[in-house]
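Reading the structure
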Amino acid sequence: MEIERKFLVKELPANLESYPQQHISQGYINRNPVVRIRRSNDDYYLTYKGKGMMVREEYNLPLNEESFLHMLPKIDGILIDKIRYLIPLDEKHTAELDIFQGTLAPLRIVEVEFATEEDALAFVPPAWFGDDVTQSKKYHNSNLSQTN
């Protein structure tokens, strides 16, 4: 089960380059239900996501590069490219800051995952977070992939 909140980014945090980062490329084989392929640095995954906004099922299966490349021509929409920065917020939470590249630039979205719904609802975002878009389907990556 994935429990996360999603925000636009008002301003980038200081010393951004000092945080761990991942180069992510992902495409969508299907959007209902969501079936995604992803390359994150040198790791590859096939992901299924159930329905929902803040809380939904998510299953990740490992792929190899060959399988990822085989499925790549089958994606529906654009291949999303983004740089993800992993920014610790406190002892329980890490901000996953995505800075989109290419067609989706200059979009910036930050997500935080939680252990419980109560924890998610009690979360007070730092000042650099912008509008809460958790309940907006517009900012689901599967919908962003339909951007031309």
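For the structure given in this document, a descriptive report is provided here. (Residues numbered from 1 in each chain as written. Predicted model: local features only at pLDDT ≥ 70, side-chain atom pairs only at ≥ 80, totals over all residues. Heavy atoms only, no water.)

Some thoughts on the pairing of strand E9 (residues 108–113)
Looking at chain direction, strand E1 (residues 2–9) and E9 are connected through five bridges and run antiparallel. Each bridged residue has a counterpart across the sheet, and for Arg 5 the counterpart in E9 is Val 112. Pairing of strand E8 (residues 94–100) with E9 involves five bridges; the strand directions are antiparallel. Directly across from Ile 99, in E9, lies its bridge partner Arg 108. (Pairing = 2+ DSSP bridges. Helix = DSSP H or I, 4+ residues; strand = E, 2+ residues; numbered from the N terminus.)

A short note on the side chain of Glu 111
The residue Glu 111 is located in strand E9 in this model. Of note is the side chain of Glu 111, whose polar atom sits 3.3 Å from the side chain of Lys 6. Setting aside anything within four residues of it in sequence, one finds Glu 111 in contact with Glu 4, Arg 5, Lys 6, Arg 84, Thr 94, Ala 95, Glu 96 and Asn 141. (Polar contact = N/O pair within 3.5 Å; in protein donor to acceptor, adjacent residues only side chain to side chain. Contact = heavy atoms within 4.5 Å.)

Side note on the pattern of salt bridges
Enumeration over the complete set of coordinates arrives at nine salt bridges. Across the salt bridge formed by Lys 49 and Glu 2, the nearest N and O atoms sit 3.5 Å from each other. Placement of Lys 49 in strand E4 (residues 43–49) and of Glu 2 in strand E1 is noted, with a sequence separation of 47 residues between them. Residue classification places Glu 2 among the buried positions, given a relative accessible area of 5%. Linking Arg 84 and Glu 96 is a salt bridge whose minimum nitrogen-to-oxygen distance equals 3.6 Å. Of this pair, Arg 84 sits in strand E7 (residues 80–88) while Glu 96 sits in strand E8, and the two are 12 residues apart along the sequence. Taking the relative accessible area as the measure of exposure, Glu 96 reaches 17% and is therefore buried. Sharing partners across several salt bridges, the network here consists of Glu 2, Lys 49, Arg 56 and Glu 58. (Salt bridge = Lys/Arg side-chain N within 4 Å of Asp/Glu carboxyl O. Buried < 20%, exposed > 50% of the residue type's maximum accessible area, 1.4 Å probe, protein only.)

Digging into the nonpolar core
Counting 18 residues, the largest nonpolar core has Tyr 85, Ile 87, Leu 97, Val 110, Trp 128 and Phe 129 as its most contacted members. Mapped onto this core, the elements with two or more residues apiece are E1, E7, E8 and E9. Of all hydrophobic cores here, the second largest spans 12 residues; its members include Leu 8, Ile 80, Leu 104 and Ile 109. (Core = buried A, V, L, I, M, F, W, Y, C linked by side-chain atoms within 4.5 Å.)

Regarding the side chain of Thr 134
Along the polypeptide, Thr 134 turns up in the loop between strand E10 (129–132) and helix H3 (141–144). What makes Thr 134 buried here is its relative accessible area of 7%. In this structure the side chain of Thr 134 is engaged in a polar contact, spanning 2.6 Å, whose partner is the side chain of Asp 132. Not counting residues up to four positions away in its chain, the partners in contact with Thr 134 are Glu 4, Arg 5, Lys 6, Met 53 and Met 54.

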